[in-house]
Amino acid sequence: MLRASIRSVCPRGSSSLSPGLRRSAARYASTDSSSTTEDALGGKGDSGNGRNLGRSYLYVPSTAERMLEKSLTTPSDVIIYDLEDSVPPSPADKTSARARLAHFLSTRAGSLPSPERIAVRLNSNATPFFAEDILQAMRLPCIRTLVLPKIHSAQDLHHVSEEIFLAYRGHKYRSPDDPPVQLVASIESAKAMYNIGEIASWQSTWGAAMGGKLAALLFAAEDYCADTGIIRTTSRQELLYTRSHIVVTAKAFGLGAIDMVCVNYKDPEYLRDECQDGRRLGFTGKQAIHPIQVDTIQSTFVPTSKEILRAAKILKQMEQAHLSNRGAAGLELEGGGMEMIDAPMIKQAENVVRIARAAGLPIPDVA
């Protein structure tokens, strides 16, 4: 009844609400709060206070109990239990995978990763499997992050948010006092790239506490290439514009930016090169399709020892410069030369040190 009421006054594509629902949305929006899960996904505050850094996002198929059990031992920052592409498309297989995952998560309370590390990739909201997927996910409080495939516009996020709101208000599956459900929008199409600013700036009509909060943008390169006709190469040059655009847009709205899967999982050197490339572009983390990729991703998406040393020197030099009433200073370079440092470089250095501390890396004491 509640579902019908909402959809009659707020149909897809419309932002109009009845007075009662408008008051409800306003009330929950006004009490909106952020979640530590956003930190895990690399959004605002992603580098402080020793929280989960959100470097690696390992997909775990929900097709076999063995794979689910093995997920309990992975060090991956985020584990994405998958109901979408890794599950065969038949209704029977989708139903079986959903039930298997629900049973696993509801019976392993003592051994599960922390909720900040648990995510579920649902089937697209355009499929007949989506409604049951999201209802099942909302029944399990340990699931705080939903990875949403095939997000082509903000309207797709509104659709998902409506279902989250119904789970709170209609089904009473969770309390609005719980941490908000974090949403990761998967960018997979030309249309998504065209609408990426609208997607990244989206906020739930019902507020984050009742309708979910967008936490990150994720790049699904293979789907994107299939949609656009781009030919994927090992140079990745053909994806430079798209990847850069995703990162800049994510950063503009305080979101995490999750890089594409490295499909060549048996070549560790190529994986490391792709990780370093993604980090240079500004991505905060990377997807993994095999457990052996996790260590390489997590060791790459942190500052190097040279970067940490340089950052520590910059902060020390600028501290001394400020004590001498100077706004800039010179930093000696390896091999000779001097680099001018000023306020913007302080911010960069502070970011490096915060991420290093969160990752448990040593910060040298420089004179």
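Residues numbered from 1 in each chain as written. Predicted model: local features only at pLDDT ≥ 70, side-chain atom pairs only at ≥ 80, totals over all residues. Heavy atoms only, no water.

Describing the layout of surface pockets
Taken as a whole, the second largest pocket spans an internal volume of roughly 590 Å³. Around the second largest pocket, the lining comprises 34 residues; the ones closest to its centre are L58, Y59, V60, I289 and H290. Broken down by secondary-structure element, the contributors of at least two residues to the lining of the second largest pocket are β1 (56–61), α4 (65–70), β6 (213–219), α11 (221–228) and α14 (294–300). No other element matches β1, which puts four residues into the lining of the second largest pocket. (1 Å grid on protein atoms, 1.4 Å probe; cavity = no way out; pocket = protein on both sides within 12 Å on 5 of 7 lines; lining within 4 Å. Points joined across faces, edges and corners; volume = space filled by probe spheres on them. Helix = DSSP H or I, 4+ residues; strand = E, 2+ residues; numbered from the N terminus.)

What about the environment of A329?
In this structure, A329 sits in strand β9 (residues 329–332). Placed 15 residues apart in sequence, A329 and I314 show a C-alpha to C-alpha distance of 8.7 Å. If sequence neighbours within four positions are ignored, A329 has contacts with Q317, M318, A321, E339, M340 and I341. (Contact = heavy atoms within 4.5 Å.)

Overview of the environment of M193
By the element assignment, M193 lies in helix α8 (residues 190–194). C-alpha separation for the pair M193 and I151, spaced 42 residues apart in sequence, amounts to 9.9 Å. In this view, M193 contacts I187, Y224, T242, H245 and I246; residues no more than four positions away in its chain are not counted.

Regarding the pairing of strand β4 (residues 145–148)
The side chains of a regular strand alternate, first on one face of the sheet and then on the other. In β4, alternate side chains face the same way, and those of T145 and V147 on one face and L146 and L148 on the other are all buried. In this sheet, β4 lies alongside strand β3 (residues 118–121) in parallel orientation, the contact comprising three bridges. When the sheet's bridge partners are listed, R121 is paired in β4 with V147. For the crossover from β3 across helix α6 (residues 130–139) to β4, the handedness is right-handed. With four bridges connecting them, β4 and strand β5 (residues 182–187) associate as parallel partners. (Buried < 20%, exposed > 50% of the residue type's maximum accessible area, 1.4 Å probe, protein only. Pairing = 2+ DSSP bridges. Right-handed = clockwise from strand over helix to strand, strands pointing away.)

What to know about the pattern of salt bridges
Going through the model one piece at a time under the given rule, you end up with 20 salt bridges. Between R121 and D82 there is a salt bridge, with the nearest N and O atoms lying 2.7 Å from each other. Here R121, found in strand β3, pairs with D82, found in strand β2 (residues 78–82); they are 39 residues apart in sequence, far enough to count as distant. The shortest N-O distance in the salt bridge between D259 and K286 comes to 3.7 Å. Taken as a pair, D259 in strand β7 (residues 256–259) and K286 in strand β8 (residues 285–288) lie far apart in primary sequence, 27 residues in all. K286 shares its class with D259; the two are buried. Counted as one network, the salt bridges with shared partners bring together R236, R243, D259, D273, E274, D277 and K286. (Salt bridge = Lys/Arg side-chain N within 4 Å of Asp/Glu carboxyl O.)

Some thoughts on the packing of aromatic side chains
Tallied over the entire structure, the rule returns three aromatic pairs. Summarising the aromatic geometry, the rings of F165 and W206 are spaced 4.9 Å apart at their centres and angled 15° between planes, so their arrangement reads as stacked. Separated by 41 residues along the polypeptide, F165 in helix α7 (residues 154–169) and W206 in the loop between α9 (196–200) and α10 (208–211) bring together distant segments of the chain. For W206, a relative accessible area of 0% translates into the label buried. (Phe/Tyr/Trp six-rings, centres within 6.5 Å; stacked < 30°, edge-to-face > 60°.)

A short note on the pairing of β1
Counting buried positions along β1 yields five of six residues, so the element is predominantly enclosed. For β1 and β8, the ladder comprises three bridges, and the chain directions are parallel. Across the sheet, residue S56 finds its bridge partner in β8, namely K286. Of the strand pairs in this sheet, β1 and β2 are connected by five bridges, and their pairing is parallel. Following the sheet pairing, Y59 is matched in β2 by I80.

In short, shape yes, function no, at least from these values alone.
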